[in-house]
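One-letter residues, chain by chain:
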Amino acid sequence: MMSIEVLWRFHFSALNMCRSGALEEAQKAIQQLFGKIKDIKDKAEKSEQMVKEITRDIKQLDHAKRHLTTSITTLNHLHMLAGGVDSLEAMTRRRQYGEVANLLQGVVNVLEHFNKYMGIPQIRQLSERVKAAQNELGQQILADFEEAFPSQGTKRTGGPSNVLRDACLVANVLDPRIKQEIIKKFIKQHLSEYLVLFQENQDVAWLDKIDRRYAWIKRQLVDYEEKYGRMFPAEWCMTERIAVEFCHVTRAELSKIMCTRAKEIEVKLLLFAIQRTTNFEGLLAKRFSGCTLADGTVKKPEVPPPSTNPFLEDETGADADEIVMEKSDMDKPKKPKVPDNPFHGIVSKCFEPHLYVYIESQDKNLGELIDRFVADFKAQGPPKPNVDEGGAVLPSCADLFVYYKKCMVQCSQLSTGEPMIALTTIFQKYLREYAWKILSGNLPKTTSSSGGLTITSLLKEKEGSEVAKFTLEELCLICSILSTAEYCLATTQQLEEKLKEKVDASLMERINLTGEMDTFSVVISNSIQLLVQDLDAACDPALTAMSKMQWQNVEHVGDQSPYVTSVILHIKQNVPIIRDNLASTRKYFTQFCIKFANSFIPKFINHLFKCKPISMVGAEQLLLDTHSLKMVLLDLPSIGSQVVRKAPASYTKIVVKGMTRAEMILKVVMAPHEPPVVFVDNYIKLLADCSTDTFQKILDMKGLKRSEQSSMLDLFRLRLPAPPPGGDSAGSLSLSAPTPEQESSRIRKLEKLIKKRL
């Protein structure tokens, strides 16, 4: 063991000696490497210093070359500027405008290079000479134009010269005010004859001869193109500028003369002048682009985004008389509105203050139209019943909206401002009048009942012997008025949207036809209520007869009672007529059915409570009658129809709920009142009604004595389930009632029992 330990120690000592030797060698190598790196760095610094010394002279040469080039260029520019100024002054004196136009632009461009040298007196002097030459050119060119086209007197017979054409090219380079002054003076001189010919005291100045104004400017524009078309540069758009200035002058002159002779303005004359003026504005839009309108008061309209309104129509190129608002057209997709022409209103704006004449005329015309509708209705009478076509819309309704559409389009062509608001007010007025005079005013009036049916009359009753309160013609009239009101409601909504599109955006909020739409909704509601009241009143005598029958004397259960037959007869007489006449408005027929069910069923239950006392057999007969009425009511929407449709779920729910309650009342009446506890619990279970009044009526129907009723009522109050904490004792109590399927099964069992007895 000792020998191994000695060997290990010797081995480790030898290893340590080897490691120390290698470390010393590595340190020496590193020192040598650092020495070489330092030598390389020193050599690199020396090389860099040598390069800097070599390139220093090259940089000096580069700077010298750049300064020399700049000096030469500046001297050349100075030479060009000096020579150009001398030539410019000489050419100006000789009126060599063709050469001046090119030279002046070059001199101005060269002078821009000397902006930073303006502190040098010689450069500043040259700049002042250039400005002086420009001012002299401007005054000289204006004088030449004044000489060629004097403000007073006639145009020069020799026509335009090449000198003036070149002068216009020079004016493009000069101050823009020179160009504007030339244009202003030329146009003023060109229109001087117009102001003389169409003075306010001249016959041709009035609206009836407005065509002559536009004929005159057309001739002048043709004359200008022939004589002066090449004199002015094309980018000056002189033809359009002359036309635009003519429009401004004409608008001012027409405004002045119309204010002076306002009492002489008639509707036909005003519309004639507006039509001719808008035609002229359209002609300008076809001929010119409107690029010069930014200088005037009228600006080019922005292109509106495409509209998704289904009421929008393509009215481009269509005459107002040919545009008809028909029911079928409103559902078709319409094209986006074509952008307005940029010249719209440039002259016709002057007619806007006088459009009250047009508005008053439309007010009068619409009043006469409504009166004619009333007279025609009285003369022709109500529409003849036509069940095959369904409820027809009154023709006067379509005529009214056709006239509205014509007025709206016509007025929007005249103005999209306040006159459109005034026209909307007129529309509102006569929409209300139409609803009151034509629709509500012609609804049949209800009359008091002429008496009830007796048992004898019911027994002798035959099919068709009872006549409804309203005749067939009256029922058809009510349905026609309802359909018309629905059409007016929908069309008025679309009319409102169209008016908002036609009027200025700032006035859109002032257009609101909600009140008129509500008026038509009231007409619809009243029409439905009349139909319900008529059928309801026709069934009243039968229900009265039911309550007057001696139900305690009924000895056997037979077929349905005569009063049921009478009710079914009236339903079969009225409902098919109403349904067929409201074929185009199914939702309102559904409303009629729902309202009738909500009116008839509570009335039937009230009359049911009046049937007292009732025997067991009488109660069974009433239960059978109630089931028969329930089946008829469930089938009411499609009764007498060849096409059987499923009744709306909302209507079915009302009938099932109401008539099931009537059946439950009779079931409670049929139940024995002994023992009282069972009777009371059965009542609470079947009716789920915690009202003592209802329970009192049940006891009256059973014919119990007052003493028995008193004890029953006390027991009823004790047996009532306690209301939940924090809830309403009357409204929150919920008791389970038999489902309609269970009741239907029980009714079938009752029918089998009745057949066995028979």
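Residues numbered from 1 in each chain as written. Predicted model: local features only at pLDDT ≥ 70, side-chain atom pairs only at ≥ 80, totals over all residues. Heavy atoms only, no water.

Peer 1: I tried to follow the overall build of the protein chain on my own but got confused; where do I start?
Peer 2: Counting its regular elements, the protein chain contains 23 helices and zero strands. Taking all 758 residues of the protein chain together, 42% fall into the buried category. Long-range pairs, those at least 24 residues apart, make up 81% of the contacts in the protein chain between residues at least 6 apart in sequence. Of the roughly 41,800 Å² of accessible surface on the protein chain, 55% is carried by carbon and sulfur atoms. (Helix = DSSP H or I, 4+ residues; strand = E, 2+ residues; numbered from the N terminus. Buried < 20%, exposed > 50% of the residue type's maximum accessible area, 1.4 Å probe, protein only. Contact = heavy atoms within 4.5 Å. Areas by Shrake-Rupley, 256 points an atom, 1.4 Å probe, with all protein chains shown as cover.)

Peer 1: Hey, could you run me through the packing of helix 15 (residues 514–548) against helix 17 (residues 586–609) in this one?
Peer 2: A pair of packed helices is characterised by two quantities: the angle between their axes and the separation of those axes. Their axes nearest at 9 Å, the elements helix 15 and helix 17 cross at an angle of 30°. What the angle tells us is that helix 15 and helix 17 run roughly parallel. Remark: the crossing between helix 15 and helix 17 carries right-handed chirality. Looking at the contact of helix 15 with helix 17 residue by residue, the class counts come to 14 nonpolar, seven polar and four charged. (Axes fitted to C-alpha atoms, helices over the stretch in contact; angles between N-to-C directions. Parallel < 35°, antiparallel > 145°, perpendicular 65-115°, else oblique. Left-handed = near helix turned anticlockwise from the far one by under 90°. Nonpolar A, V, L, I, M, F, W, Y, C, P; charged D, E, K, R; others polar.)

Peer 1: I would appreciate a short explanation of the side chain of Ser 638 in the present structure.
Peer 2: Of note, Ser 638 is situated in the loop between helix 18 (616–634) and helix 19 (649–670). Polar contacts involving the side chain of Ser 638 include one to the side chain of Asp 635, which spans 3.2 Å. The contact partners of Ser 638, leaving out residues within four places of it in the chain, are Arg 579, Val 643, Val 644 and Arg 645. (Polar contact = N/O pair within 3.5 Å; in protein donor to acceptor, adjacent residues only side chain to side chain.)

Peer 1: Can you walk me through empty space enclosed by the protein in this structure?
Peer 2: Leftover empty space is mapped by rolling, across the atoms, a probe with the size of a water molecule. Tallying each qualifying case throughout the model produces one cavity of 30 Å³ or more. Considering only enclosed or pocket space, the largest cavity measures out at about 70 Å³ in volume. Surrounding the largest cavity, Leu 142, Phe 145, Glu 146, Phe 149, Glu 181, Ile 182, Lys 185 and Phe 186 form its lining. Listing elements by their share of the lining of the largest cavity, those giving two or more residues are helix 3 (121–148) and helix 5 (176–190). Here the lining of the largest cavity gets four residues from one element, more than from any other, and that element is helix 5. (1 Å grid on protein atoms, 1.4 Å probe; cavity = no way out; pocket = protein on both sides within 12 Å on 5 of 7 lines; lining within 4 Å. Points joined across faces, edges and corners; volume = space filled by probe spheres on them.)

Peer 1: Looking at this model, I keep getting lost on helix 14 (residues 472–502). Mind explaining?
Peer 2: Owing to its 3.6 residues per turn, the α-helix aligns residues three or four sequence positions apart on the same side. For helix 14, built from 31 residues, the straight-helix expectation of 45 Å at 1.5 Å per residue is met to within 8% by its first-to-last C-alpha distance of 44 Å. Counted residue by residue, helix 14 has 23 buried out of 31 residues, so it is predominantly covered. (Expected span 1.5 Å × (residues − 1).)

Peer 1: I tried to follow helix 18 on my own but got confused; where do I start?
Peer 2: Taking 1.5 Å per residue, 19 residues should reach 27 Å; helix 18 reaches 27 Å between its end C-alpha atoms and fits that length. Across the 19 residues that make up helix 18, a large majority, 16, are buried.

Peer 1: How should I be thinking about the pattern of salt bridges in this particular structure?
Peer 2: Side chains that carry opposite charge are capable of pairing whenever their charged atoms lie near each other. For the coordinates displayed, the defined rule picks out 21 salt bridges. Ionic pairing is found between Asp 714 and Arg 717, a salt bridge with its closest N-O pair at 3.3 Å. Here Asp 714 pairs with Arg 717, and both are found in helix 22 (residues 706–719), just three residues apart, close to one helical turn. For Asp 714, a relative accessible area of 41% gives the class partly exposed. Using a relative accessible area of 46% as the deciding quantity, one classes Arg 717 as partly exposed. Bridged by salt links that share partners, the residues Asp 536, Asp 540 and Lys 603 form one connected network. (Salt bridge = Lys/Arg side-chain N within 4 Å of Asp/Glu carboxyl O.)

Peer 1: Which parts of the structure should I look at to understand the environment of Pro 419?
Peer 2: As for its position among the elements, Pro 419 is in helix 12 (residues 418–439). Sequence-wise, Pro 419 and Leu 355 are 64 residues apart; in three dimensions their C-alpha atoms are separated by 6.7 Å. Setting aside chain neighbours within four positions, we find Pro 419 in contact with Glu 352, Leu 355, Ile 359 and Cys 411.

Peer 1: Quick question: what am I supposed to make of unusual backbone geometry here?
Peer 2: As a rule of thumb, non-glycine residues mostly have phi less than zero, and peptide bonds are mostly trans rather than cis. Of note, the amide linkage connecting Lys 612 to Pro 613 takes the cis form, showing an omega dihedral of -5°. Inspection of the secondary structure assignment puts Pro 613 in the loop between helix 17 and helix 18. The residue Cys 237 is not glycine, and still its phi comes out positive at about 50°. Among the secondary structure elements, Cys 237 is positioned in the loop between helix 7 (210–228) and helix 8 (238–260). For Cys 237, a relative accessible area of 24% translates into the label partly exposed.

Peer 1: Is there a simple way to think about the packing of helix 12 against helix 15 in this case?
Peer 2: Relative to each other, helix 12 and helix 15 sit at 10°, their axes nearing to 9 Å. If you check the angle between helix 12 and helix 15, you find them roughly parallel. Where helix 12 abuts helix 15, its residues Gln 428, Leu 431, Arg 432, Tyr 434, Ala 435, Trp 436 and Leu 439 lie against Glu 516, Thr 519, Phe 520 and Val 523. Across the contact of helix 12 with helix 15, the residue classes tally to seven nonpolar, two polar and two charged.

Peer 1: What exactly am I supposed to notice about the packing of aromatic side chains here?
Peer 2: Any pair of aromatic rings gets described here by the distance separating the centres and the angle formed by the planes. Following the criterion strictly, the structure yields 22 aromatic pairs and no others. On the numbers, 5.1 Å between centres and 40° between planes, the contact of Tyr 194 with Phe 198 is tilted. Of the two residues examined, Tyr 194 and Phe 198, each falls in the buried class. When the ring of Tyr 214 is compared with that of Phe 280, the centres are 4.5 Å apart and the planes differ by 15°; the resulting orientation is stacked. In this pair, Tyr 214 sits in helix 7 while Phe 280 sits in helix 9 (residues 267–287), placing the two residues 66 residues apart along the sequence. Put simply, the rings of Tyr 194, Phe 198, Tyr 214, Trp 216, Phe 246 and Phe 280 touch in pairs and so form one group of aromatic residues. The aromatic ring of Trp 206 is capped on one face by Arg 261, whose charged end is 4.1 Å from the ring centroid. (Phe/Tyr/Trp six-rings, centres within 6.5 Å; stacked < 30°, edge-to-face > 60°. Lys NZ or Arg CZ within 6 Å of the ring centre and 35° of its normal.)

Peer 1: Would you take a moment to explain the confidence of the model for the protein chain for this structure?
Peer 2: Interpreting fine coordinate detail is not advised for predicted regions of low pLDDT. Here the protein chain averages 78 in pLDDT, while 78% of its residues score no lower than 70. Here residues 296–339 is modelled with pLDDT under 50, and outside its nearest four sequence neighbours on either side it reaches 75 contacts, counting other chains as well. Under a pLDDT of 50 for its full length, residues 448–468 has, in the predicted model, 28 contacts with residues more than four places off or in other chains. (pLDDT = per-residue confidence, 0-100.)

Peer 1: Can you walk me through the environment of Ala 671 in this structure?
Peer 2: Among the secondary structure elements, Ala 671 is positioned in the loop between helix 19 and helix 20 (676–687). On the basis of relative accessible area, Ala 671 is assigned to the buried category, the value being 13%. In the structure, Ala 671 is positioned 55 residues away from Met 616 in sequence and 8.5 Å away in space, judged by C-alpha atoms. In this view, Ala 671 contacts Phe 679, Asn 682 and Lys 702; residues no more than four positions away in its chain are not counted.

Peer 1: Explain the environment of Cys 479 here, please?
Peer 2: Inspection of the secondary structure puts Cys 479 in helix 14. Linking Cys 479 and Arg 579, residues 100 residues apart in sequence, is a C-alpha distance of 9.1 Å. When residues no more than four places from it in sequence are discounted, the contact partners of Cys 479 are Leu 531, Ile 578, Asn 581 and Leu 582.

Peer 1: Where do I start with a nonpolar patch on the surface in this structure?
Peer 2: Side chains of Ile 30, Leu 33, Phe 34 and Ile 37 sit close together on the surface and give an oily, nonpolar patch of about 430 Å² of accessible area. Following the sequence through the fold, Ile 30 ends up in helix 1 (residues 2–93). (Patch = residues over 30% accessible without salt bridge, like charges linked within 9 Å, V, L, I, M, F, W, Y side chains within 5 Å.)

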